[in-house]
Amino acid sequence: GITEEVFCSSPDQVLVVHLKSDKPSGLDFTLKLDRPSDQGIVTHKTAAIGNRLVMNGQVTQRQGVMGSKPVPDMPGVKFSAVCRVLGDAQLDANEEESVVSSGSDVVLLLTAATSFSNIDPEKLNPTIMKSDASRESLVALRTRHIEDYQKLFARCDLDFGGHDANSRPTEE
């Protein structure tokens, strides 16, 4: 069978997908980054570059309304996403997708940025594509994620009291 582990690490700003097959060469899949078109108009470009899949674009709203007045074309935030493929699989990249084959242990690292904070996300691409997360072991990424998460999760306790009620049936 195939096991999956997925977590989103705030410290490393990366979504991690770990796929593992109990059979040698048991992982074969096609990886693609995509988004819906806007009124039939494609608002992004995708490219496969080595072990990375890159998608850049801009969210738009065609035939929108602002202040009760029609707006034919309303541009929104620019975005960039990069998915890096690591592991023991063979990787065959074509123009818009990556074919992953004959793998037994694969890690996908997905990072993204937008222009919401007045940043040009495409300028972040070199940073995203060379993300330190790809140099870290899966164990280090997971450990950092759990340590960060526990700071939030373990910061309070909730106790409803009445522990003697634990021994009574629920209908009482």
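What you see is a predicted model; the values in this text were computed from it and never measured.

**Q** What is the right way to look at the nonpolar core in this model?
**A** Side chains of a nonpolar character, in soluble globular proteins, are inclined to be buried together. Grouped together as the largest cluster of nonpolar side chains are 15 residues, with contacts concentrated most on Leu 31, Leu 33, Leu 53, Cys 83, Val 85, Val 106 and Leu 108. Secondary structure elements with two or more residues in this core: strand S2 (14–21), strand S3 (27–32), strand S5 (52–66), strand S6 (69–87) and strand S9 (105–114). A per-element tally of this core places S6 first, with four residues. Formed by seven residues, the second largest nonpolar core is a distinct cluster that contains Val 14, Val 16, Val 107 and Leu 138.

**Q** Would you take a moment to explain the side chain of Thr 46 for this structure?
**A** Counting through the fold element by element, Thr 46 comes out in strand S4 (residues 44–49). The class of Thr 46 is buried, set by a relative accessible area of 13%. A polar contact is formed between the side chain of Thr 46 and the backbone oxygen of Leu 33, at a distance of 3.3 Å. Once residues lying within four places of it in the same chain are set aside, the contact partners of Thr 46 are Leu 33, Leu 53, Val 54, Met 55, Glu 95 and Glu 96.

**Q** Explanation requested: the packing of aromatic side chains in the structure shown.
**A** Here the distance between the centres and the angle between the planes together describe a pair of aromatic rings. Applying the stated rule across the entire model yields one aromatic pair. When the centroid spacing of 5.4 Å and the interplanar angle of 15° are considered together, the rings of Tyr 149 and Phe 153 count as stacked. On the criterion of helical spacing, the pair formed by Tyr 149 and Phe 153 is a turn pair, its members being four residues apart in helix H2 (residues 138–153). Given a relative accessible area of 41%, Tyr 149 falls into the partly exposed group. Owing to a relative accessible area of 53%, Phe 153 belongs among the exposed residues under this scheme.

**Q** Mind showing me how you'd approach the sheet that holds strand S1 (residues 2–9) here?
**A** Whenever strands of a sheet pair, they do so through backbone hydrogen bonds, lying parallel or antiparallel. Strands sit in the order S1-S2-S9-S6-S5-S4 across an open sheet of six strands; the sheet is antiparallel. Of all strands in the sheet, those with a lone pairing partner are S1 and S4, marking the two edges. Sheet twist, expressed as the mean angle between neighbouring strand axes with direction ignored, is 15°. In this structure, S6 lies alongside S9, joined through nine bridges in antiparallel fashion.

Conventions used here
- Residues numbered from 1 in each chain as written.
- Predicted model: local features only at pLDDT ≥ 70, side-chain atom pairs only at ≥ 80, totals over all residues.
- Heavy atoms only, no water.
- Core = buried A, V, L, I, M, F, W, Y, C linked by side-chain atoms within 4.5 Å.
- Buried < 20%, exposed > 50% of the residue type's maximum accessible area, 1.4 Å probe, protein only.
- Helix = DSSP H or I, 4+ residues; strand = E, 2+ residues; numbered from the N terminus.
- Polar contact = N/O pair within 3.5 Å; in protein donor to acceptor, adjacent residues only side chain to side chain.
- Contact = heavy atoms within 4.5 Å.
- Phe/Tyr/Trp six-rings, centres within 6.5 Å; stacked < 30°, edge-to-face > 60°.
- Pairing = 2+ DSSP bridges.
- Axes fitted to C-alpha atoms, helices over the stretch in contact; angles between N-to-C directions.

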